[in-house]
Every structure is written in C-alpha cells, then in structure tokens.
Amino acid sequence: MLLDPYKRKINYLRISVTDKCNLRCRYCMPEEGIPLISHGAILTYEEILRIVRVFAAEGISKVRLTGGEPLVRKGIIDFISRLSQIEEIKDLSLTTNGILLKEYAQDLKRAGLKRINVSLDSLIKERFCRITRRDEYGRVWNGMEEALRVGLFPTKINMVAIKGLNDEIESFARLTLHLPLTVRFIEYMPSGNGEEWKESDILTIPQIKSRIENIGKLIPIPPAQWDGPAKRFRIEGAIGEIGLIGAVSSHFCGDCNRLRLTPDGKIRTCLFSDEEIDVREILRKGGSDQNLKERLLVALRAKPERHHINTHLFKKCQRNMSAIGG
Ligand code: SAM
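Owing to the predicted nature of the structure, the values given are computational and were not obtained by experimental measurement. Every chain is numbered independently, its residues counted from 1 as its sequence is written. Per-residue local features of the predicted model are confined to residues with pLDDT of at least 70, and side-chain atom pairs are confined, for both listing and counting, to 80 or more; whole-chain, interface and lining totals are unaffected and use all residues. Note that the side-chain values use all heavy atoms of the structure and ignore hydrogens as well as water.

A. Geometry of the nonpolar core. In this text, buried Ala, Val, Leu, Ile, Met, Phe, Trp, Tyr and Cys residues form a nonpolar core when linked through side-chain atoms within 4.5 Å. For every residue, the accessible area (1.4 Å probe, protein chains only) is compared with the maximum for its type, and the residue is labelled buried under 20%, exposed over 50%, or partly exposed between those bounds. The biggest cluster of nonpolar side chains holds 97 residues, and the ones touching the most others in it are Leu65, Phe185 and Ile212. For this core, the element with the highest residue contribution is helix H1 (residues 45-58), accounting for eight residues. The numbering of helices and of strands both runs from the N terminus, where a helix is a DSSP run of H or I of at least 4 residues and a strand a run of E of at least 2.

Have a look at this one:
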C-alpha cells in the first residue's frame, strides 16, 4: 500500500498521454495553442506500460487516461487494451472532449475501457463554438450517445461552470432526468494558459447545488469504491446522477489519492504544484524497475498536504493543464 506523509492512501494515477488537443477552450488554452512538447520527449506507450506495471505492483490500482486529448494520439486503442490486461489495475477510465468518440466508443469498450468522462461546457451549439473555438458540438453529442449505446458505464459529463460564460446549470442537471448520464459540475480552477482566471468568475458548488434543488429534491448517494472527489446526488425520480466537485470552495486534499504522469514522463504530486519527479530519465538511461519504484517513493514523500488556492501562498503553476492532464 502506498501511503504519503499525511497518511493518505495513494492508489490513483492520472496519465496524460499527449499535450495535443483538437479544441482551444478559452479557459484552458490560447487560440494559437501552446508550444508542444517535442515528439522525442513524449513517453512511448511501452514506457508508460512499464511505469504502470511497476507502480501497480506497489499499490496503484486506478488509472485514468487524459491529455491534451487522449483520443488524438495514434495507437490509443491498442495501448488501452494492453493497459487493461495489467491485473492490478481494477479501474481504467478516460477523459475526452468527445470529438472522436463516435468513431472510437465501440473499440474503446472492446479494448477493456469500462467508463468514460466527456467534457462538455455548453448545450447551446453557438456557445459551445465560442468556448471551444471549434464547431464540433454535433460530434461531441453524437460521441456521447455512442458511448451510452455501447455501454461505457457510467458515461459522465464534466461541466466547468463559469459565470457569464456558460451559466447553464439547470439545463445540464435536467439531462439526468431522462438520460442515464452522470452530470458533474466542476468549479473553475486557476490553471491553464487561457483567459485570465478570476475568483469572481467561479460558480461555487453551494450556488450550483441550490439551483439544482429548484428542479427537484436532491438525494445524496453514498460514495462507492472508485469515487473521486465528487459528492454524488440524484434528483428525485431521475435516471441519471449529479456530481458536485468543489475544487476551489471546499478543497478535498485530505482525501486526495492521486499522482499524475505528464506526457514527457514527470510525476506531479498535485495539480497545483510545480514539483516534478522525472521518471523518463530512469527509463532512458537503462534504469531498473527498482529505480522506478524509488522515484515513485520520492514522489509520494513530496506530495503536498493541500493546494493553496485562495490563500496568499498560491502560485499559478508553470505548466498548462493540457500538458499536465486535467
Ligand atoms: N481533452 C480532454 C477533455 O476535454 O476532457 C482531457 C483534458 S482536459 C484538460 C480535462 C478537463 O480539464 C476538462 O474537463 C476541462 O474542462 C478541465 N479544465 C481545464 N481547465 C480547467 C480549469 N481552469 N478549471 C476547471 N477545469 C478545467
């Protein structure tokens, strides 16, 4: 079992397989994109698999693939099917913007992916285009329907609510009344290289919750084994679920169970810390599995107690979210 200095059990690795993305969401990236990590610096799938095997033997049992946009990386399906064969990995999931999901959903399911998160910030086509700077709303929606059809369960929508940009709390929540979806509302965080984050732009989880309560009674759902920081609810009579993630207003660092692996092979101990532990160096200089394990333990010891958003200690991190893995 992997325990950090604050006695948190660390069993979750989020892997960013690429920093490339086929959207340019305003709050995440500038229109021209961000300078990309060079091809040679990106971990190969073989390298990632080796890291996961070593880490899994130590106690990592949950893996999420993210990016950038994970589905734009060539060979992703074959990679997932090899990843899903690692016995110790009991929960394998993926976060996508959904553009390529219609084409890939069936293959993802066959490759062993169980569940999927689709990021979608607006149900209004024109607004979606304005936020993402791309005209892909139809493809994302079709992709999500395909995910439901092939049985990627649960299929979750991640919605980052930003005041004045996409205040569509009620419309998103109502989706759960008649679709077997989980809609997760996520507070806007101070990360990314996009348009400037302002605290006043956050729609807080308490505000979001009280608006959903106007639709119907919110019934809490007890946490399940693989649940992350989302507090789960169901609107009375609804088919789907609501998830509330108060990343800023109620930091959940006390329950944090995760490490991140960047596309260029650095372990990050917190989304909001620039501390990075290099594992690519070990892989490419002929290091042993024992050396990799030692780096994992260094990362574990370096995991901060909490993030410092909303305090004078907070410093925006150097890397863009797309190069860390959101
Ligand atoms: N391309 C994939 C996607 O769209 O889901 C994975 C990468 S994306 C960076 C992962 C998630 O991070 C998305 O749901 C996105 O909305 C979220 N994200 C990016 N910047 C954010 C911010 N400043 N605050 C909250 N969430 C953010």
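B. Representation of the site of the ligand within the structure. By nearness alone, 17 residues border the ligand, and Tyr27, Gly68, Thr95, Ser119 and Met189 come closest of all. One nitrogen or oxygen atom from the side chain of Tyr27 is found 2.7 Å from an oxygen atom belonging to the ligand. Here a nitrogen atom of the ligand sits 2.8 Å away from a polar atom, N or O, in the main chain of Gly68. Areas reported here follow the Shrake-Rupley algorithm with a probe of radius 1.4 Å; residue values treat only the protein chains shown as occluding. Considering the ligand on its own, with 550 Å² of exposed area, one finds that the protein chains cover 93% of that surface. Throughout this document, a residue counts as near a molecule or strand when at least one of its heavy atoms sits within 4 Å of that molecule or strand. Polar contacts, as counted here, are pairs of nitrogen or oxygen atoms within 3.5 Å of one another; within protein the pair requires one atom able to donate a hydrogen and one able to accept it, and residues that are adjacent in sequence qualify only if both atoms are side-chain atoms.

C. Main features of the packing of H1 against helix H2 (residues 76-83). To get an axis, fit a line to the C-alpha atoms, keeping to the stretch in contact for a helix; angles then go from 0 to 180 degrees between the N-to-C directions. At a minimum axis separation of 11 Å, H1 and H2 run at an interaxial angle of 20 degrees. Relative to H2, H1 is oriented roughly parallel. The handedness of the crossing between H1 and H2 is right-handed. Counted together, Tyr45, Glu46, Ile48, Leu49 and Val52 of H1 and Ile76, Phe79, Arg82 and Leu83 of H2 form the full contact between these two elements. Grouping the constituent residues of the contact of H1 with H2 by class yields seven nonpolar, no polar and two charged. Throughout, the term roughly parallel applies to angles under 35 degrees, roughly antiparallel to angles over 145, roughly perpendicular to angles from 65 to 115, and oblique to all others. Each crossing is labelled by how the near helix is turned from the far one, with a counterclockwise turn of less than a right angle marking it left-handed and a clockwise turn marking it right-handed. By definition in these notes, contact holds between two residues if any of their heavy atoms fall within 4.5 Å. Residue classes follow a fixed rule: Ala, Val, Leu, Ile, Met, Phe, Trp, Tyr, Cys and Pro count as nonpolar, while Asp, Glu, Lys and Arg count as charged, and any other residue, Gly among them, counts as polar.

D. Spatial organisation of unusual backbone geometry. With omega at -5 degrees, the peptide bond leading from Phe153 into Pro154 counts as cis. Looking at the secondary structure, you find Pro154 in the loop between helix H5 (137-150) and strand S5 (155-161). Located in the positive-phi region is Lys7, a residue other than glycine, with phi close to 65 degrees. For Lys7, the location among the structural elements is in the segment before strand S1 (12-16). Residue classification places Lys7 among the exposed residues on the basis of a relative accessible area of 66%.

E. Quick look at the packing of aromatic side chains. Centres within 6.5 Å are what make two rings of Phe, Tyr or Trp a pair, Trp counting through its six-membered ring; a difference in plane orientation under 30 degrees is then read as stacked, over 60 as edge-to-face, and the rest as tilted. The full count for this structure, using the stated rule, is four aromatic pairs. Ring plane angle 15 degrees and centroid distance 4.4 Å describe the contact between Tyr45 and Phe79, whose orientation is recorded as stacked. Here Phe79 lies in helix H2 and Tyr45 lies in helix H1, a separation of 34 residues in the sequence. Considered together, Tyr45 and Phe79 belong to a single accessibility category, that of buried residues. Ring centres of Tyr188 and Trp197 lie 6.4 Å apart, and the angle between their planes is 55 degrees; on these two criteria the pair is classed as tilted. Following the ring pairs from residue to residue traces out a cluster consisting of Tyr27, Tyr188 and Trp197. Note on criteria: charge over ring means Lys NZ or Arg CZ within 6 Å of the ring centre, with the direction from the centre no more than 35 degrees off the ring normal. One Lys or Arg, Lys62, reaches over the ring of Tyr12 and ends 4.5 Å from the middle of that ring. In this structure, Arg73 packs its charged tip against the face of Tyr45, placed 4.0 Å from the ring centre.

F. Structural context of the pairing of strand S4 (residues 115-119). Among the five residues of S4, four are classified as buried, and the element is accordingly described as predominantly covered. Two strands are said to pair when DSSP picks up at least two bridges between them. With four bridges connecting them, strand S3 (residues 91-96) and S4 associate as parallel partners. Of the residues in S4, the one forming a bridge with Thr95 is Asn117. A crossover counts as right-handed when, viewed with the strands pointing away from the observer, the path leading from the first strand over the helix to the second turns clockwise. Regarding topology, helix H3 (residues 101-111) serves as the crossover connection from S3 to the parallel S4, and that connection is right-handed.

G. Representation of the side chain of Arg24 in the model. Looking at the secondary structure, you find Arg24 in the loop between S1 and H1. Despite its burial, Arg24 pairs with no opposite charge; the closest candidate is Glu32, at 7.4 Å N-O. Excluding anything up to four places from it in sequence, Arg24 contacts Met29, Pro30, Glu31, Glu32, Gly33, Ile131, Thr132, Arg133 and Arg134. Charged residues are defined here as Lys and Arg on the positive side and Asp and Glu on the negative side; His and the ends of the chain fall outside this count. A carboxyl oxygen of Asp or Glu within 4 Å of a side-chain nitrogen of Lys or Arg is what we treat as a salt bridge.

H. Structural view of the pattern of salt bridges. Counting across every chain of the model gives 23 salt bridges. The partner of Arg8 in a salt bridge is Asp4, with the nearest N and O atoms 2.6 Å apart. The residues Arg8 and Asp4 share a single accessibility class, namely buried. Here Arg50 and Asp289 are joined by a salt bridge, their closest N and O atoms 2.9 Å apart. Residue Arg50 is found in helix H1, and its partner Asp289 is found in helix H9 (residues 289-302); the two are separated by 239 residues along the sequence. Residue Arg50 is classed as partly exposed on the basis of its relative accessible area of 25%.

Remember that the coordinates give geometry; whether it matters functionally is a separate question.
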